[in-house]
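What follows is each chain in one-letter form.
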Amino acid sequence: MSLRKLFVIIASLFLFSHTFAQVQTESAPDFSKASVSIKYYNRTIYYPGDSEESPVFVHISIKNNGTETLRFKLADDRMFSLDFNAFTVKNSRLEQTVNLVEKRTTNQTVYFREISLEQGEEYSFVENVKDYLTINKSSVYYLEAVFYPELYKSKYLSIKSNRLTLEIQPSPKAAASNFLPVSEKTVELLHPADIAPDKVVEQTIIARQKSLWDQYFLYMDLESLLKRNSNLQKKYVSSSAEERERILKVFKADLMQTKIDSDIVAIPEKFQIERTTYSPTEGNVTVIEWFKYPNFSEKKRYTYKVRQREGIWQIYDYNVVNLGTE
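Keep in mind that what you see is a predicted model, and the values were worked out from it rather than measured.

A count of helical and extended segments in the protein chain gives eight helices and twelve strands. Taking all 326 residues of the protein chain together, the buried fraction comes to 40%. Taking the contacts inside the protein chain whose residues are at least 6 apart along the sequence as the reference set, 67% of them involve residues at least 24 apart. Only carbon and sulfur atoms are counted for the fraction: they give 50% of the accessible area of the protein chain, which is about 19400 Å².

Here it is as structure tokens:
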């Protein structure tokens, strides 16, 4: 081979590699202006154990700190969008749950939606750390989240959160295993107010828009909502008082993670109360709600059924009618 031909081949290879690297750089999404932060949701005393009996709920917020629109993918099953890491003082790392590993190693379709955030906007949700990590021992851990804006399959693109100190206390006796609300600062306990049915529904929807779960559940009759599910109702009715309390806690946790009854916890972009009718003890509040997706908006009519107990109106049932897209 002549020296001239060798030079042409080397130059061509260099040009190809440079062009390929440039294309990769140009096509790779820029998430440098995105930040992920975590904080405890309803901070409690945490114990070892499974995710249902002793959950560790964390509030995750994704924020656009830039001037351009931030777009990322969010899986319906958050395990394909998120990881948690927990380290001991000696820097050893907790293992992932068997369920998490099985999901990610099983060939399956991952459903997701694209989220768009403008400058300064945030998107938040709540996850149970114990769905991701096996926490069997009492200790002090350093907890962080890792968010995958292009889903787990593209985990080379990731954003790490701040770190939290997670203190797992030794397991108490069964009689003392109930959750105890605590906080580093003074916490004002929320109490439902004597307000009209339409205000109850309005405050509940606004609380959901802002991911304020305490306020969202303030006027919810969880027991009645649970009984909408025939399987859960059978299990609940035939259970002891202690077991019923546990079932309600799991139901509430599943609602927060949108595992069940996704309509009631869906987040509308905007809403308008259409009509309110009620007697001294029962009523209906009809609301038009709009849900924004990347290429369209969906319009639905919600009818919230409310009733009064001890002077407080509560949402105990609902139905939804799809009104099409816009």
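The biggest cluster of nonpolar side chains holds 36 residues, and the ones touching the most others in it are Phe72, Phe84, Leu143 and Leu166. Taken together, the elements giving at least two residues each to this core come down to strand E1 (34-40), strand E2 (57-64), strand E3 (70-75), strand E4 (82-87), strand E5 (112-117), strand E6 (122-128), strand E7 (139-147) and strand E8 (159-168). Grouped together as the second largest cluster of nonpolar side chains are 35 residues, Val201, Leu226, Val285 and Val287 included.

In any sheet, the strands associate via hydrogen bonds between backbone groups, in a parallel or an antiparallel arrangement. Judged by pairing direction, the sheet is antiparallel, and its four strands sit side by side in the order E9-E10-E11-E12 without closing on themselves. In this open sheet, the two strands that pair with only one neighbour each are strand E9 (270-278) and strand E12 (312-325). This sheet shows a mean twist of 20° between the axes of neighbouring strands, independent of strand direction. Where helix H3 (residues 197-209) meets the sheet, it contacts E9, strand E10 (282-292), strand E11 (297-309) and E12, and its direction lies at approximately 155° from that of E9.

The next point concerns unusual backbone geometry. Most peptide bonds are trans, and most residues other than glycine sit at a negative phi. Not every positive phi belongs to a glycine, and Leu151 is a case in point at roughly 75°. At Glu310, a position not held by glycine, the phi torsion is positive, near 50°. In this fold, Glu310 is placed in the loop between E11 and E12.

Rules of the game
- For every chain, the first residue of the written sequence is number 1, and numbering continues from 1 onward in sequence order.
- The predicted nature of this model means local features are confined to residues of pLDDT at least 70 and side-chain atom pairs, given and counted, to a pLDDT of 80 or more, with totals for whole chains, interfaces and linings taken over all residues.
- The side-chain quantities take in all heavy atoms of the structure and omit both hydrogens and water.
- Secondary structure elements follow DSSP: runs of H or I of four or more residues count as helices, runs of E of two or more count as strands, with numbering from the N terminus.
- Residue burial is assigned from relative accessible area. The probe radius is 1.4 Å, only protein chains are included, and a residue is buried under 20% of its type maximum, exposed over 50%, and partly exposed in between.
- The criterion used for residue contact is that any of the two residues' heavy atoms lie within 4.5 Å.
- Computed with the Shrake-Rupley method and a 1.4 Å probe, the accessible areas treat only the protein chains shown as cover for residues.
- In plain words, nonpolar cores are sets of buried Ala, Val, Leu, Ile, Met, Phe, Trp, Tyr and Cys residues tied together by side-chain atoms within 4.5 Å.
- We treat two strands as partners when DSSP finds at least two bridges between them.
- For helices, the axis comes from a line fit to the C-alpha atoms of the stretch in contact; other axes are also lines fit to C-alpha atoms, and the angle between any two N-to-C directions lies between 0 and 180 degrees.

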